Amino acid sequence: MTDKAVSGDWFLPAPTVEAGWLLLRRPEPDDSSALHDAVAASSEHLRPWMPWAANYTAEMAREFVQRNAAKPGNPPVPEASYLVWDRDRRLLGVCGLHARLGPGALEIGYWVDVRRTRRGVATLAAAALSELALAIAGVQAVEIHHDRANQASGAIPARLGYELVAMVADEPEAPAEAGVEMQWRMTLSGWPDSDGARLLQAARTATS
Ligand SMILES: CC(C)(COP(=O)(O)OP(=O)(O)OC[C@H]1O[C@@H](n2cnc3c(N)ncnc32)[C@H](O)[C@@H]1OP(=O)(O)O)[C@@H](O)C(=O)NCCC(=O)NCCS
């Protein structure tokens, strides 16, 4: 693993992560139309939780891809998004790592194309990002936060063996939010024997 934390919590993101039947890859310019298609098809599904998904334009997809593409020399970043693909090169969703929790911790975010939900995509992608985050020098914990009303999102850290560490009042930012943020944490020491690590290992074994 070449990643390491630099300059506070900024980190050097790996360009790709293999996760069995999934591949996580930093966006590239050619990806913008697939991204636009996935968001447009999923608009009703995403909007309750992600207001940016309303009226998502081709220009917004291009801007996202450009902003999140790996830069020459792979400089340290405060956040890294990954497009999630299957082996038939279909775009399934997007996930990312964010250095916004303070020293020693990164946060995972995700969404999945409505045409690809309930197949374990978000769970496996989050397992892969958990491993990636906890392999970065200086990172002691990785967290997943979601609104209490978002039960689908909460099922993912629970399945990976994260611990629910806090429930915090939080001003709703999206239409379906109840205003209580659930905060789940996986520690560096807890990861190797977690359900998430086992799930990832099983997915890799099944496709090797
Ligand atoms: C939340 C989300 C990412 C889940 O993606 P996914 O790939 O379907 O999730 P998985 O298939 O890995 O689901 C794992 C488990 O979560 C639970 N789950 C997933 N979708 C669910 C739903 N719509 N309702 C209830 N539980 C759900 C189930 O327990 C599921 O396992 P099961 O299908 O075996 O019952 C997806 O629904 C989504 O994109 N939602 C909108 C965006 C969003 O809320 N992002 C997170 C913001 S914090």
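Residues numbered from 1 in each chain as written. Predicted model: local features only at pLDDT ≥ 70, side-chain atom pairs only at ≥ 80, totals over all residues. Heavy atoms only, no water.

(A) Broad picture of helix α3 (residues 58-68). All buried positions along α3 are accounted for by A61, F64, V65 and N68. Seen along its axis, α3 keeps its buried residues to an arc of 95°; they face one direction. Taken together, the buried residues of α3 touch α1 (32-41), β5 (79-86) and β6 (91-98). (Buried < 20%, exposed > 50% of the residue type's maximum accessible area, 1.4 Å probe, protein only. Helix = DSSP H or I, 4+ residues; strand = E, 2+ residues; numbered from the N terminus. Arc of directions from axis to C-beta. Contact = heavy atoms within 4.5 Å.)

(B) Spotlight on the pairing of strand β3 (residues 16-19). Alternating positions in β3 separate cleanly, V17 and A19 being buried on one face and T16 and E18 remaining unburied on the opposite face. As paired elements, β3 and strand β4 (residues 22-25) share 4 bridges and run antiparallel to each other. Looking at β4, one finds that T16 is bridged to R25. Connecting the antiparallel pair β3 and β4 is a turn made up of 2 residues, with G20 showing a positive phi of about 65°. (Pairing = 2+ DSSP bridges.)

(C) Region of interest: the environment of A141. Inspection of the secondary structure assignment puts A141 in strand β8 (residues 141-147). Owing to a relative accessible area of 9%, A141 belongs among the buried residues under this scheme. Considering only alpha carbons, one finds A141 and V114, 27 residues apart in sequence, at a separation of 30 Å.

(D) View of the site of the ligand. Neighbouring the ligand are 22 residues; V112, R118, G120, T123 and N150 lie closest to it. Contact distances for the ligand include 3.2 Å between an oxygen atom and a side-chain N or O atom of H45. Here R119 contributes a backbone N or O atom positioned 3.2 Å from an oxygen atom of the ligand. Contact with the protein chains hides 75% of the accessible area of the ligand, taken as 900 Å² for the molecule alone. Looking at the shell around the ligand, the elements that each hand over two or more residues are α2 (43-46), β7 (105-112), α4 (121-134), β8 and α5 (151-160). (Near = heavy atom within 4 Å. Polar contact = N/O pair within 3.5 Å; in protein donor to acceptor, adjacent residues only side chain to side chain. Areas by Shrake-Rupley, 256 points an atom, 1.4 Å probe, with all protein chains shown as cover.)

(E) Molecular detail of the sheet that holds strand β10 (residues 180-187). Spatially, β3-β4-β5-β6-β7-β8-β10-β9 is the arrangement adopted by the 8 strands of the open sheet, whose pairing is mixed. Every other strand in the sheet has two partners, leaving β3 and β9 (163-169) as the edge strands with one partner each. The average angle at which neighbouring strand axes cross in this sheet is 25°, direction not considered. Pairing between β6 and β7: 6 bridges, direction antiparallel. Bridging from a neighbouring strand, G96 pairs with G109 of β7. Sheet contacts for α1: β6 and β7; angle to β6, the most-contacted strand, approximately 100°. Seen against the sheet, α4 touches β3, β4, β5, β6, β7, β8 and β10 and runs at an angle of roughly 160° to β7. (Axes fitted to C-alpha atoms, helices over the stretch in contact; angles between N-to-C directions.)

(F) Fine view of the pattern of salt bridges. Taken as a whole and judged by the stated rule, the model has 14 salt bridges. Ionic pairing is found between D193 and R198, a salt bridge with its closest N-O pair at 3.0 Å. For R198, a relative accessible area of 43% corresponds to the partly exposed category. Two residues, D195 and R198, come together in a salt bridge whose shortest N-O distance is 2.9 Å. Residue D195 and its partner R198 are located together in helix α6 (residues 195-207), separated by 3 residues, close to a single helical turn. (Salt bridge = Lys/Arg side-chain N within 4 Å of Asp/Glu carboxyl O.)

These figures capture arrangement, not role.
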